[in-house]
Structure formats: C-alpha cells, structure tokens
Amino acid sequence: MTPTKRMKMKMRKRKTRRPNFDCTCRLAKEVCQLKAVVNAQSKTLSKLVRQMKDGCNKDEQPKESTLCGLNPCLKCLQPDILYHLGLDTETTDFPKVFGDVRFVCMGGTPGRMENFAYYLMQEIGLKINAATKLRDMAEAGKRFALFKVGPVLCASHGMGCPSISILLHELIKMMHHAKCQDPVFIRIGTCGGIGVDPGTVVISSEAVDGRLNPAHEILVHGVSVQHASQLDEGLADDIKSCHDPSKDNYETIIGRTMCTHDFYEGQSRLDGAFCEYTPEMKKTYLEELQNQGVKNIEMESLALAALTSRANIRAAVVCVAILNRLNGDQIKTPHEILAKWEKRPQVLVARYIRKVLYFHENDSDWEEPDEDECEGEAPEKGATPQGGAGDTQNAPPEEAE
C-alpha cells in the first residue's frame, strides 16, 4: 500500500470516529431523558390510582395561591395589569397558562435566559418541533423576556435591585393570580468572588448590604423601611447537593453574599470613572468582608431575598465567580472561558429541578452522561437544542480548563 493510500485511510477513520462518538453520547442522554419522563409519568399514574382507591372528594375546594402577605388592594384590580411584562388578567387566563408553574428562574440578559430555557427543556425531557421556537411571553412589555418550559418560567431581570424588584412584583402577582402552589424562585448569574477561585459556584446563604446588614432598604413616603433579606437554607443545601465532585471540575460553596447598588464605587473598584479611596482602603475593606464570611458580591440578591420572603416564597441565589476581587477589578478572562463558567449555575439548577420533578429513591442506578463528553454548541434559534445553555447562540469552541 502506498503512503498516499495509507494517509487517505487514516483520514477516513478520523472522519468516522467523531460522528459515532456523538451518536453514542446523544443516545445516552436521550435514554436518561426518556427514563426521567417515564418516572414522572409513573409518579403521576400512581397518584391517580391512589385517588381512585381513596375515592374522589367532590366537596374539595379549588386551590388558592400559597403566597401570603400580599397587597389587599389586588382583589380590587379588575383587571390587574402587569405593565412591564405586557400581560393582564383580562386577556390572559393566568390559572390556565401559569397555574402549573413550580420554578421561576431568573438571570440578567434575555439571550442567556432563552438559551437556558432551551437547555432546560432538553434536561427535563420536553420536545418541540424543530421548526418552532419558544415564544417570549413578555415581548409586548418590551422590558423583560419570559419563556415557559413546562412547570418552569425563565425570566430576564436586567441589572440591579431596582430592575429585579419591578420584575419580582409582577411575577409574584402572576403566581398569586395563577394560584400557584409553593413556587421556588432562583436567580442564576455571575458575581465577583471574595477569596474564591474564578469559576467557583457560590450559593448564597444570606444577602447583606454594604454595611453587612441583612435587609433590603426602600423609601416609602420618604421614610426608610427595611425588609429582612432571608434566603431558604434548605433550598441552598439541596442545590449544592446536586454538585458532583467526581464529575464537576470546579468547587461549589455556600456563603454570605454582599449586594450593592452599583458596579464600581459600591463594590470598591479602582477602575470606575470616579474613585475617592486608595488601593490600601480597598484592600482593607475587601479583607474585612472576607473575615465576615462574605464569599461574593453582586447586585440583585437583596431585593430577591426580601421580596420573596415577604410573600412566603422559597428562594435561592446561585452565581459563578468570574474573578477574585482580592486579585484585581477588571475581567480579563477570555469570552469562551466566561461562557463555559456561566453554564455552571445553569447546569446545577437544572439538575435540582430535574431531581425534584423526577427523582425516585430507586433511581440510584441512573447515571448522567459526562458533561464534558456530551456538551455541544448552543442551539440555533428555531432548532431543537442538542447541547448546553450559554450566553450566545453559537458559542465558540471550548478549551479544556
């Protein structure tokens, strides 16, 4: 055999290996997804069989929202207009459209949450026609994006407490009008770490302000009002338990989160347009935060924690640290690495949702396909997703860390 023929044969083998690998990997994921769907159907069927045996209670009262402490004036609003979401109770049947919602996931940008919605749809075993795409249910409001994937709402919240508080007021009212039962709210995003390695996922145990006060302050009639910024400790533990040290090549921790009202001076950065403190003062302040158990800094957790706790909603904040603030202020990590890091909270939260929806105690033999082996590019708009969720529709090739 000539050297030229040998080279051609090697090239043919290389071309055929990767598709076979992709096919096997895709098949493994689809088997896992199918098993999850079958488990869910089995659970529902068992529940229906029990109800048949016990007999249907004809006098059972219709379900009401489990939320509490809400505005007493809501019952007088006919209709109630959720202005920034472009929805209202007159033109939308909230119990029919949103009554099955069990999880509300929020992130900063519309693109990120749209991609997360496609990724989540794949992870919980839902399918849509390849020629269709998820609809932005808040498109009429022109401020936030809202995608519904089965029992999960995926919403963009913008930046900062003022922005997310507007969204939360209207989402909480939506849950109330839809008569949702015990919804769980989770913010997914990025943050600056305090003494933690970049790429670490931080789950907030408590949200505090710049004075380390665990409360969200607002002015009502010109008077300062503070609401406790409580997060659910059990929920944080449950999400952390979905981290798999044997497969995930990063750390997941629980710690205090400091929430600020801006990105620069409030976070003691040296690279803003204005800076009236010295590098030494910054170093002292950040080290004091570290000594007080603060693991990260972001800009939305106070409002999320305060508003959800007022309504009796369990909530969590899951963010990935994109830099260690003790080592600098500017984000110099390449975009392709940041995109990979940003997927980590999404993967963790998707595992938690799938576990709540589908997990049975006898499913201990159910193994997930390896994330690194089966991860693909983000789906194009209108296509059924084949890989993970990210910030861009066509993510660049990812390099090993």
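Residues numbered from 1 in each chain as written. Predicted model: local features only at pLDDT ≥ 70, side-chain atom pairs only at ≥ 80, totals over all residues. Heavy atoms only, no water.

- The protein carries the name Uridine phosphorylase in an unreviewed UniProt entry, which gives Drosophila gunungcola as its organism.
- Annotation of the protein in UniProt includes, under Function (unreviewed entry), the sentence "Catalyzes the reversible phosphorylytic cleavage of uridine to uracil and ribose-1-phosphate which can then be utilized as carbon and energy sources or in the rescue of pyrimidine bases for nucleotide synthesis. Shows broad substrate specificity and can also accept deoxyuridine and other analogous compounds."
- Under the UniProt heading Catalytic activity (unreviewed entry), the entry covering the protein gives this text: "uridine + phosphate = alpha-D-ribose 1-phosphate + uracil". (UniProt positions renumbered as here; feature names shortened; annotations may be inferred.)

**With respect to the packing of helix H4 (residues 161-178) against helix H7 (residues 301-310)**
- The contact between H4 and H7 brings their axes to 8 Å, and the two run at 25°. With respect to their mutual orientation, H4 and H7 come out roughly parallel. Crossing of H4 against H7: the hand is right-handed. Contacts from Cys161, Ile164, Ser165, Leu168, His169 and Ile172 in H4 reach Leu302, Ala303, Leu304 and Leu307 in H7.
- Counted by class, the contact of H4 with H7 contains eight nonpolar, two polar and no charged residues. (Axes fitted to C-alpha atoms, helices over the stretch in contact; angles between N-to-C directions. Helix = DSSP H or I, 4+ residues; strand = E, 2+ residues; numbered from the N terminus. Parallel < 35°, antiparallel > 145°, perpendicular 65-115°, else oblique. Left-handed = near helix turned anticlockwise from the far one by under 90°. Contact = heavy atoms within 4.5 Å. Nonpolar A, V, L, I, M, F, W, Y, C, P; charged D, E, K, R; others polar.)

**Notes on H7**
- The buried fraction of H7 amounts to eight of the ten residues, a majority that puts the element mostly inside the structure.
- Those residues of H7 not exposed but buried are Ser301, Leu302, Ala303, Leu304, Ala305, Ala306, Leu307 and Thr308.
- Residue Asn312 follows H7 closely and has a positive phi angle near 65°. (Buried < 20%, exposed > 50% of the residue type's maximum accessible area, 1.4 Å probe, protein only.)

**Structural notes on the packing of aromatic side chains**
- Counted under the stated rule, the structure contains three aromatic pairs.
- Where Phe94 meets Phe98, the ring centres are 5.6 Å apart and the plane angle is 70°; that geometry is what we call edge-to-face. In this pair, Phe94 and Phe98 are both assigned in helix H2 (residues 94-98), four residues apart and thus about one turn of the helix distant.
- Among the residues examined, Phe98 registers a relative accessible area of 0% and is labelled buried.
- Relative to Tyr264, the ring of Phe263 lies with its centre 5.0 Å away and its plane at 80°, an arrangement referred to as edge-to-face.
- According to the relative accessible area criterion, Phe263 is partly exposed, its value standing at 31%.
- Seen from the ring of Phe263, Arg269 lies directly overhead, with NZ or CZ sitting 3.9 Å from the centre. (Phe/Tyr/Trp six-rings, centres within 6.5 Å; stacked < 30°, edge-to-face > 60°. Lys NZ or Arg CZ within 6 Å of the ring centre and 35° of its normal.)

**Re the UniProt feature "binding site: substrate" (unreviewed entry) in the protein**
- In the numbering adopted here, UniProt assigns the feature "binding site: substrate" (unreviewed entry) to Gln267 and Arg269.
- Within the secondary structure, Gln267 is located in the loop between strand S10 (252-259) and helix H6 (279-291).
- Its relative accessible area of 3% is what places Gln267 among the buried residues.
- Side chain to side chain, Gln267 and Thr260 meet in a polar contact 3.2 Å long.
- Within the element layout of this structure, Arg269 appears in the loop between S10 and H6.
- In contact with Arg269, not counting residues within four places along its chain, are Phe263, Tyr264, Cys275, Tyr277, Leu323, Arg325 and Asp329. (Polar contact = N/O pair within 3.5 Å; in protein donor to acceptor, adjacent residues only side chain to side chain.)

**Quick word on the packing of helix H3 (residues 110-123) against helix H8 (residues 335-358)**
- At a minimum axis distance of 10 Å, the contact between H3 and H8 shows a crossing angle of 40°. Judged by the angle between their axes, H3 and H8 are oblique. Note that H3 runs across H8; the crossing there is right-handed. Counted together, Arg112, Phe116, Tyr119, Leu120 and Glu123 of H3 and Glu342, Gln346, Val347, Val349, Ala350, Ile353 and Arg354 of H8 form the full contact between these two elements.

**Focus on H3**
- Along its 14 residues, H3 runs 20 Å from first to last C-alpha, staying within 8% of the 20 Å computed at 1.5 Å per residue.
- With twelve of 14 residues buried, H3 is to be regarded as a mostly interior element.
- When we look at burial in H3, the residues that qualify are Arg112, Met113, Glu114, Asn115, Phe116, Ala117, Tyr118, Tyr119, Leu120, Met121, Gln122 and Glu123.
- The first or second residue beyond H3 is Gly125, which carries a positive phi of 85°. (Expected span 1.5 Å × (residues − 1).)

**Points about the confidence of the model for the protein**
- Per-chain confidence: the protein averages 84 in pLDDT, with 74% of residues scoring 70 or above.
- Low pLDDT, under 50, characterises residues 361-401; the stretch is placed with 94 contacts to residues that sit more than four places away or in other chains. (pLDDT = per-residue confidence, 0-100.)

**A short note on the side chain of Asp209**
- Checked against the element boundaries, Asp209 lands in the loop between strand S7 (201-208) and strand S8 (215-220).
- Here Asp209 sits buried without a salt bridge, and the closest side chain of opposite charge, Arg211, lies 4.3 Å off (N-O distance).
- For Asp209, the side chain forms a polar contact with the main-chain nitrogen of Asn213, separated by 2.8 Å.
- Residue contacts for Asp209: discarding those within four places in its chain leaves Ala215, Met258, Cys259 and Leu302. (Lys, Arg positive; Asp, Glu negative; His and termini not counted. Salt bridge = Lys/Arg side-chain N within 4 Å of Asp/Glu carboxyl O.)

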